[in-house]
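The residues making up each chain are set out below.
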Amino acid sequence: MRSGNIFLKRNEVVFVVILSALLLVVFPMALDSFRLNLVGKYLTYAFVALGLVLCWGNAGILSLGQGIFFGLGGYGMAMFLKLEASSPEHTAIQSTPGIPDFMDWNQITELPAFWLPFHSLTLTIVAILVVPAVFAWIIGVAMFKRRVGGVYFAIITQAIAAILTILIVGQQGYTGGINGITDLRTLKGWDIRTDFAKEVLYFVNVALLLGCLLLAQFVRRSKYGRILVAIRDKEDRVRFSGYDVSNFKIFIFCFASVLAAIGGAMFTLQVGFMSPSFVGIVPSIEMVIYCAVGGRLSLFGAVYGTLFVNYAKTIFSESFPELWLFAMGALFIGVVMAFPNGLAGLWQAYAQPWFDRIGQRGAPRPISPAPISPTAAPAERRT
Amino acid sequence: MSSDNHQNGLPSALRRKLLMGMAALPAAALLPKAAFAQAPATSAVNTTGLAVTDTTVRVGILHSVTGTMAISETGSVQAEKLAISQINEMGGVLGRKIEFIQEDGASDWPNFAEKAKKLLVNDKAAAVFGCWTSASRKAVLPVFEQYNGMLYYPTFYEGLEQSKNVIYTGQEATQQILSGIDWVVKEKKAKSFYLLGSDYIWPRTSNKIARKHIEKNSLKVVGEEYFPLGHTQFNSVINKIKLTKPDVIYAIIVGGSNVAFYKQMKAAGIDLSKQTLVTISVTEDEILGIGGENIAGAYACMKYFQSLDNPNNKDFVAAFKKMWGENIVIGDVTQAAYLGPWLWKLTVEKAGSFDIDKVAAASPGIEFGKAPEGYVRIHENHHLWSKTRVGKAKLDGQYEVIYETADLMEPDPFPKGYQ
């Protein structure tokens, strides 16, 4: 089946249906409110993993600083919610009522100017989408135009993540410091802490995630997406063919950063606070691990990988509070050594051919390529 | 109910000794039966669906046992487990054995919030003993308020907080600072202070209170500096200290940074037997890392030191070492964590119920005479009345207690004139 104008192939339509059914029907019915909220939290990381599939899997740009953008999105939303929670009535005991509590503790008596736009929900949403994109654009221009790539790019993104964390922790009067921005209550007067609100937010989150997944899939299947693959595999050849490689890379990096920021904003809404512990190096690397476990070449794999790793993290840590980190480490090493293409690679190598055979028996179709060894780049070669 | 109170209340010193010694075995076997016989019906003591059965009650322990805070929080976990096992040996709470579920906060504040929610919503814990850093407490506070849980928080902290759902068993900032400064002003004739701290809310707020108190006494602060958590280069500030020659260095540096700070001070030739240094952040636990030889001579303001000389503390230290090993040290926070389960037990028995609202309402006025630090009482504002003590660090890593306030200090989380 050629996929000239169609961005979803038939089996991918099935995947979308299965994923939607799982997230929209099975989880809400099978899980209690607490666990469902946890799944919602896990899924906010899946936004980042989607971006990493595009950026790392497709374009070969390994960013170890996606926490930056997750954090920018999350902090944007948190600033809006914090201002709403800091109305003068709620903060009457402070020396300066009407400003967030942590500012009051730090002897700040006036709301800083960069907080002012966050009084408006519209401006906040704009900021959540635009600020990370602009920031990513600046990083992208500075790096890719100078042809900085590979390991150097990874190291620099990691350094920026560290810098941003230090900045947030150090400027605690303006950012809440290491405590983060806590005690968020309402969104436009709607209490986001109730079980009902959490369920609504879960569905909003899933809808956004599926939307982003389809958009990402569209980008991958477009002509642009194929140029990215070409850049990944032979950058010089693409450049000699007359393409401005850096612009392609900048775009996909910005796109991934916006996805991460949406995830961050949804995270704040569902978890009820934001802190620098989501911005730094460790969470950024964790996000790459979600993507690696799921399979860095598969958007669906990224979602399942995120769910799988986070679920394992929760279960291990509840069962073995003192040993769980070792179990997680073993899991990562095992997955990376045994299945370099993650869960999606497993699926491609073993389950997919089997399904294809069944499909062919039922309704003969053009023969799809033979099963692919997990070390190759399966997803693209199947187009 | 009064006879129950008598039976389940604190044991006499004799019985306590028996329980802690080898003789605990037969006593423990007999006591629960006696207690069950008069345990009130579950429907009466638990009207809100907490995890209380006819024979057990479930609580949570929520500390970091992994990550950077594990080194500090492990002592609290040990103290809470010791208190729970001692209470169980005495027959439990309202005739019910305490079962605990331990969760790992993993030094990750959002993770604390997730686990707190799990303990309250899934496990229906009747009380949670936990948290250490302010950041983790700030993260879980909305969870405890929303799901109406009860948190016993052990760490000395910055104040500026009060909640129906939290009992603060450590000191808030004024309890740790004011009388310590008064002492150093009187004893050491101190006139100038250099304030140091790690850069986050607790040291900043504490130094703010210290500065106001110093300036109220018409004395001088000659410098004030903050360092990021984990900072290890103190040479430039040590040079400034040498230049300004303050009478007192007032240090609120936390965690691993302490090791670098005290070693570099010593290397730079600042002799703590001549230069007065007062800290409110170094307990016996931290000295293990710093090394007694590097900090000997420094003064610490706490409410508890392991070397405290009273019968309660001797029993406590002996029981703690028996359970967790001979070489263990016990710091201020560990002792405060030990108070949590005991205060909860006493409160539940006074309220005659496990219901959170009744426990919260019954908390003010609860007295615990057998605390290792000595008699304590819960204030209306859910903090503890407790004494302030000054200890002098010795080479062996212990403190020698050289001063204690005559009276209990009133907790004042929102101190007027100090904000």
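Residues numbered from 1 in each chain as written. Chains lettered and ligands numbered in written order. Predicted model: local features only at pLDDT ≥ 70, side-chain atom pairs only at ≥ 80, totals over all residues.

A.B. asks: Explanation requested: the overall build of chain A in the structure shown.
C.D. replies: Across its full length, chain A holds 16 helices and 2 strands. Taking 21 Å as the expected radius of gyration for a compact globule of 383 residues, we find that chain A reaches 22 Å, a close match to that expectation. Dimensions along the principal axes, computed over C-alpha positions, put chain A at roughly 75 × 50 × 40 Å. Burial status across chain A gives 43% buried among its 383 residues. Across chain A, the fraction of contacts at a sequence separation of at least 24, relative to all contacts at a separation of at least 6, is 77%. (Helix = DSSP H or I, 4+ residues; strand = E, 2+ residues; numbered from the N terminus. Rg over C-alpha atoms; globule rule 2.2 N^0.38 Å. Buried ≥ 20, exposed ≤ 12 C-beta atoms within 10 Å, placed from the backbone. Contact = placed C-beta atoms within 7 Å.)

A.B. asks: I would appreciate a short explanation of the overall build of chain B in the present structure.
C.D. replies: Helices and strands together make up the secondary structure of chain B, namely 16 helices and 15 strands. Against the globule reference of 22 Å for 419 residues, chain B gives a C-alpha radius of gyration of 22 Å, in line with a compact fold. Put simply, of all contacts in chain B between residues at least 6 apart along the chain, 72% involve residues at least 24 apart.

A.B. asks: What should I look at first to understand helix 6 (residues 109-122) of chain B in this one?
C.D. replies: In an α-helix there are 3.6 residues to a turn, and that puts residues three or four apart on one side. In a regular helix each residue adds 1.5 Å, so 14 residues correspond to 20 Å; helix 6 of chain B covers 20 Å between its end C-alpha atoms and thus fits that length. Burial analysis of helix 6 of chain B places 12 of its 14 residues in the buried class, the great majority of the element. Of the surrounding secondary structure, the elements contacted by the buried residues of helix 6 of chain B are helix 2 (33-58) and helix 11 (245-271) of chain A together with strand 1 (56-63), strand 2 (97-104), strand 3 (128-130) and helix 7 (134-146) of chain B. Lys124 of chain B sits one or two residues past helix 6 of chain B and shows a positive phi near 55°. (Expected span 1.5 Å × (residues − 1).)

A.B. asks: Help me understand the domain arrangement of chain B in this model?
C.D. replies: When the parts come together, some accessible area is lost, and that loss is often what is quoted as the size of the interface. Residue and element names in this part refer to chain B. On domain assignment, one finds that chain B holds domain 1 (2-171 + 308-385) and domain 2 (173-302 + 390-404). Opposite the 15 residues of domain 1 that make contact, domain 2 presents 15 residues. Contributing elements (two or more residues each) for the side of domain 1 that touches domain 2: helix 5 (70-89) and helix 15 (332-351). Classifying every residue of the side of domain 1 that touches domain 2 by side-chain character gives 7 nonpolar, 6 polar and 2 charged. (Domains from an automatic or database assignment. Nonpolar A, V, L, I, M, F, W, Y, C, P; charged D, E, K, R; others polar.)

A.B. asks: Even after reading the chapter, I still don't get the environment of Phe354 of chain B, so can you show me in this structure?
C.D. replies: All names here are of chain B. Positionally, Phe354 belongs in the loop between helix 15 and helix 16 (356-362). Considering only alpha carbons, one finds Phe354 and Ile167, 187 residues apart in sequence, at a separation of 15 Å. Beyond its immediate chain neighbours, meaning those up to four positions away, Phe354 contacts Val45, Asn46, Leu50, Val52, Val57, Ala126 and Val348.

A.B. asks: I would appreciate a short explanation of the nonpolar core in the present structure.
C.D. replies: Core analysis: the largest hydrophobic core is formed by 170 residues, its most contacted members being Ala49, Leu50 and Leu52 of chain A. Counting residues domain by domain, this core receives three or more from each of domain 1 (2-171 + 308-385) and domain 2 (173-302 + 390-404) of chain B. Counting residues in each nonpolar core, the second largest holds 46 residues, with Leu178, Ile252, Val254 and Leu277 of chain B among its members. (Core = buried A, V, L, I, M, F, W, Y, C linked by C-beta atoms within 7 Å.)

A.B. asks: I would appreciate a short explanation of the pairing of strand 14 (residues 389-393) of chain B in the present structure.
C.D. replies: Within a regular strand, the side chains alternate between the two sheet faces. All names here are of chain B. Most of strand 14 sits out of view: 4 of its 5 residues are buried. Of the pairings in the sheet, the one linking strand 10 (residues 299-302) to strand 14 comprises 4 bridges and is antiparallel in character. In the sheet register, Tyr299 faces strand 14, and the bridge partner there is Lys392. As judged from the 5 bridges shared by strand 14 and strand 15 (residues 399-404), these two strands associate in the antiparallel manner. Each residue of the ladder has a partner; that of Gly391, found in strand 15, is Val401. The hairpin formed by strand 14 and strand 15 contains 5 residues between the paired strands, and Gly397 there has a positive phi angle of roughly 90°. (Pairing = 2+ DSSP bridges.)

A.B. asks: What's the story with the UniProt feature "transmembrane region" (unreviewed entry) in chain A in this structure? I'm lost.
C.D. replies: All names here are of chain A. UniProt's entry tags residues 13-31, 43-72, 121-144, 151-170, 200-219, 247-267, 287-311 and 323-347 with the feature "transmembrane region" (unreviewed entry), counted in the numbering of this structure. With 100% helix and 0% strand, residues 200-219 has end C-alpha atoms that lie 29 Å from one another. Secondary structure across residues 247-267 comprises 100% helix and 0% strand; the distance between its end C-alpha atoms is 30 Å. (UniProt positions renumbered as here; feature names shortened; annotations may be inferred.)

A.B. asks: Looking at this structure, how should I read the environment of Gln270 of chain A?
C.D. replies: Residues and elements named next belong to chain A. By secondary structure assignment, the location of Gln270 is in helix 11. Taking the number of C-beta atoms within 10 Å as the measure of exposure, Gln270 has 21 and is therefore buried. When neighbours within four sequence positions are excluded, Gln270 is seen to be in contact with Asn37, Gly40, Lys41, Thr44, Lys198, Leu201 and Asn205.

A.B. asks: For this particular structure, what's the right way to read unusual backbone geometry?
C.D. replies: The phi angle of most residues is negative, glycine excepted, and most peptide bonds adopt the trans form. One non-glycine residue with positive phi stands out, namely Asp183 of chain A, at about 60°. Take Asp183 of chain A: it is sitting in the loop between helix 7 (172-175) and strand 1 (186-187). Taking the number of C-beta atoms within 10 Å as the measure of exposure, Asp183 of chain A has 21 and is therefore buried. Unusually for a residue other than glycine, Ala106 of chain B sits at a positive phi of about 60°. Topologically, Ala106 of chain B is positioned in the loop between strand 2 and helix 6. Judged by local crowding, Ala106 of chain B falls into the buried class, with 24 C-beta atoms found within 10 Å.

A.B. asks: What am I meant to see in the interface of chain A and chain B here?
C.D. replies: With 28 residues of chain A at the contact, the number on the chain B side is 32 residues. The element that contributes the greatest number of residues to the side of chain A that touches chain B is helix 6 (residues 150-170) of chain A, accounting for 3 residues. Of the residues contributing to the side of chain A that touches chain B, the split by class is 12 nonpolar, 12 polar and 4 charged.

A.B. asks: Even after reading the chapter, I still don't get the pairing of strand 2 of chain B, so can you show me in this structure?
C.D. replies: Residues and elements named next belong to chain B. Pairing of strand 1 with strand 2 involves 8 bridges; the strand directions are parallel. Each residue of the ladder has a partner; that of Val59, found in strand 2, is Phe100. Taken together, strand 1, helix 5 and strand 2 constitute a β-α-β crossover, and its handedness is right-handed. (Right-handed = clockwise from strand over helix to strand, strands pointing away.)

A.B. asks: Help me understand the sheet that holds strand 9 (residues 276-279) of chain B, please; the structure alone is not making it clear to me.
C.D. replies: Sheets are built from strands paired through backbone hydrogen bonds, the pairs being either parallel or antiparallel. All names here are of chain B. Read across the open sheet, the 7 strands follow the order 7-6-8-9-10-14-15; overall the sheet is mixed. Each of the sheet's edge strands pairs with one partner strand only, and the pair in question is strand 7 (220-227) and strand 15. Averaged over all adjacent pairs, the angle separating strand axes in this sheet is 25°, with direction ignored. Of the strand pairs in this sheet, strand 8 (residues 248-252) and strand 9 are connected by 4 bridges, and their pairing is parallel. (Axes fitted to C-alpha atoms, helices over the stretch in contact; angles between N-to-C directions.)

A.B. asks: I keep staring at the packing of helix 2 of chain A against helix 11 of chain A and nothing clicks. Help me out?
C.D. replies: The relative placement of two packed helices comes down to the angle between their axes together with the axis-to-axis distance. Residue and element names in this part refer to chain A. Their axes nearest at 8 Å, the elements helix 2 and helix 11 cross at an angle of 175°. Here helix 2 lies roughly antiparallel to helix 11, going by the angle between them. Each residue belonging to the contact of helix 2 with helix 11 can be placed in one class, and the counts come to 17 nonpolar, 7 polar and 1 charged. (Parallel < 35°, antiparallel > 145°, perpendicular 65-115°, else oblique.)

A.B. asks: Looking at this structure, how should I read the environment of Asp407 of chain B?
C.D. replies: Inspection of the secondary structure puts Asp407 of chain B in the segment after strand 15. Among the residues examined, Asp407 of chain B registers 10 C-beta atoms within 10 Å and is labelled exposed.

A.B. asks: Where do I start with the confidence of the model for chain A in this structure?
C.D. replies: Fine structural detail should not be taken from predicted coordinates in areas where pLDDT scores are low. Mean pLDDT over chain A works out to 87, with 92% of the residues at or above the 70 mark. Low pLDDT, under 50, characterises residues 364-383 of chain A; the stretch is placed with 26 contacts to residues that sit more than four places away or in other chains. (pLDDT = per-residue confidence, 0-100.)

A.B. asks: Would you take a moment to explain the sheet that holds strand 5 (residues 166-168) of chain B for this structure?
C.D. replies: Residues and elements named next belong to chain B. Reading across from one edge, 2-1-3-4-5 is the order of the 5 strands in this open sheet, with parallel pairing throughout. Pairing within the sheet leaves two strands with one partner each, and these edge strands are strand 2 and strand 5. Pairwise comparison of adjacent strand axes, ignoring direction, gives a mean angle of 25° for this sheet.

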